[in-house]
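# Structural characterization, general
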Amino acid sequence: MSAQSALLNETAGRAGQDLNTQALRADARRESLRLLALLSPSLFLVFAIIIVPIGWLFWLSLFDEAGALSASNYARFFEQASYIKTFITTFKVAFIVTGACVLLGYPLAYMLSQLPRRAASICLILVILPFWTSVLVRTYAWLVILQRKGLINSWLIDLGVISQPLSLANNLSGVVIGMTHILLPFLVLPLYASMKTIDTDCLRAGMSLGAGPVATFRQIFFPLSLPGLASGVVIVFVLCLGFFVTPALMGGGKVIMWAMRMEQTTSLYSNWGAGAALGVVLLVVTLALLGLFQWLLGARATGVWSSR
Amino acid sequence: MSGDVGLPISHRQRLWLYALGGLVLLFLIAPSVIIVIMSFSDSTLLQFPPQQWSLRWYEAYFQSLEWRDATIVSVKVAVMTVLVATPLGTAAAYAINRGTLRFNGTINGLLTASLIIPVILIGIGTFFLYARIGLNNTLTGLVIAHTVQALPLVVLTVLSGLRSYDMNQERVARSLGAGRIAAFWQVTMPQIRFSIVSGGLFAFITSFDEVVVSLFISGGETTTLTRRMFNALRDQIDPTIAAISTCLIVLSILLLSVAQVFGRRH
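Residues numbered from 1 in each chain as written. Chains lettered and ligands numbered in written order. Predicted model: local features only at pLDDT ≥ 70, side-chain atom pairs only at ≥ 80, totals over all residues. Heavy atoms only, no water.

Going by an unreviewed UniProt entry, chain B carries the name ABC transporter permease and comes from Mesorhizobium huakuii. The UniProt entry for chain B carries the following text under Sequence similarities (unreviewed entry): "Belongs to the binding-protein-dependent transport system permease family." (UniProt positions renumbered as here; feature names shortened; annotations may be inferred.)

Looking at an unreviewed UniProt entry, one finds chain A named ABC transporter permease and attributed to Mesorhizobium huakuii. UniProt, in its Subcellular location (unreviewed entry) section for chain A, records the words "Cell membrane". As stated in UniProt under Sequence similarities (unreviewed entry), the record for chain A gives "Belongs to the binding-protein-dependent transport system permease family. CysTW subfamily."

Here you go:
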């Protein structure tokens, strides 16, 4: 056998390999195209219904009413007192509601994480059920409970605690109570999920080293639950900023939040540029908060929705 | 990480925690319970507990043409949303699960974008777009808008089903001569069908309960139940809405239990 035939063999082998790689590559390309074909209807819908209109609105927000390129739609946020008031109200409500959700949600999530499995799953149903009940239904329920002639007032008057009905609905307190009720599960569910992943061995080790229940909770459990708490807080806060239904129905026209302002400017006053500018700022703030959170914790802030 | 935590803290020591947690649970569940009970009251002034029981608000609901039409619109739209969103979302989840595409993360983000973007912005944007292409106040427009909002839930639910499924089984079927579609239909589908059904149920609830976008894009003959409820609540507190709310609560419980049963079997 000469070196020549060995060379020949090798060339043939390499050619075969090349053909093989080519075929594999073509196959992979075809596979990618098929997968894209499966994705394309969904992507098209999202693109057409969400991305295009929002991009369009963004474009609109850059022009003033005369149609000239200007920043007037954004400048008015700093100039007009009514806009400034709306932003202050929105952030005030968001802070109060988020705080209330933490105060109510942390003990609940902690209890769920400490209960035996069966009891925990029953209690969890009581959290998930309102989560899936229409926001309208729950807002209506609170209206009925909190209004001037509502449950709480008539009970309190019957009991002789008060003589005049308290104004609980159609103002800030009504909005806060309703929104807290609706957003609480958004904090409890991710917090509970993260608490369940805390290794009990750490707690047991702490206790075996002499830490009491309080010290174990404060020094071990609480710090380990912070990432879950943070993700719940961010979700609730972000949802507060864009909340519409509850403030519109329970604010009695006195509590104007960001989303209501957007609805008013676009449908009542047909001022698309101004409404669009509000929307752009809301979107930017929302994405910035989510991005900041993701950057700080490296966690996926959207994870909660998969638990829905 | 399940079952008893087994720390040397007794349940008795935790009584305060259970009391506190119980109160918060009460806060979560009480409004719905109160509404359900009140809906059977005979009085126009919503009393609790009702002095006299009656079904008059349910009669008012079922006899009102306006409410009935709105309910029919909502059911139609929700059913069509399920029929569109479930196959589309399943196909998308299948493709994402393969993970071989270059922009998988971006695609995933795009498909779940409607969960992050404030709904009011989606509502105004959709209204604005529909005004130009004549889809406002149409069933088609509602179905498309609700499909976009339901898609992420279907995708996430089916994806979680696919994650616990071994894709090699489908490859085996194909190497044994089954076509792509046959392999999916006969081997993969039966194993992830519970996730698909759950995804479909979530799509139904999403569409049926959706308010904000419908507020902008529905009207006239296509007024959805939630839009009509919203407008009614702006004017006054009509006890008929208690009856409607009860029906909606029952519907949610029903759909969730079905999803739960399917989830457990899976």
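As recorded in UniProt, the sites labelled "domain: ABC transmembrane type-1" (unreviewed entry) are residues 71–259 of chain B. For residues 71–259 of chain B, the end-to-end C-alpha separation is 23 Å, with 82% helix and 0% strand making up the annotated structure. (Helix = DSSP H or I, 4+ residues; strand = E, 2+ residues; numbered from the N terminus.)

Throughout the structure, instances matching the rule amount to 26 aromatic pairs over all chains. Where A:F77 meets A:Y83, the ring centres are 5.3 Å apart and the plane angle is 55 degrees; that geometry is what we call tilted. Residue classification places A:Y83 among the buried residues on the basis of a relative accessible area of 4%. An aromatic cluster is built from A:Y74, A:F77, A:Y83, A:F87, A:F91, A:F95, A:F237 and A:W258, whose rings are joined through pairwise contacts. Over the aromatic face of A:Y83 sits the side chain of A:R261, whose NZ or CZ is 4.2 Å from the ring centroid. Lying over the aromatic face of B:F128, B:R132 brings its terminal NZ or CZ to 4.0 Å of the ring centre. (Phe/Tyr/Trp six-rings, centres within 6.5 Å; stacked < 30°, edge-to-face > 60°. Buried < 20%, exposed > 50% of the residue type's maximum accessible area, 1.4 Å probe, protein only. Lys NZ or Arg CZ within 6 Å of the ring centre and 35° of its normal.)

Next up on the list: the interface of chain B and chain A. Tallying the contact residues gives 87 residues for chain B and 84 residues for chain A. Roughly 8,200 Å² of surface becomes buried between chain B and chain A when both sides are summed, with 82% attributable to carbon and sulfur atoms. In this assembly, chain B and chain A are joined by two salt bridges. The interface formed by chain B and chain A includes 10 residue pairs in polar contact (both at pLDDT 80 or more). The greatest single-element share of the side of chain B that touches chain A, amounting to 14 residues, is contributed by helix α1 (residues 15–38) of chain B. The residue inventory of the side of chain B that touches chain A, partitioned by class, reads 63 nonpolar, 16 polar and eight charged. (Contact = heavy atoms within 4.5 Å. Buried area = accessible area lost by both parts, 1.4 Å probe. Salt bridge = Lys/Arg side-chain N within 4 Å of Asp/Glu carboxyl O. Polar contact = N/O pair within 3.5 Å; in protein donor to acceptor, adjacent residues only side chain to side chain. Nonpolar A, V, L, I, M, F, W, Y, C, P; charged D, E, K, R; others polar.)

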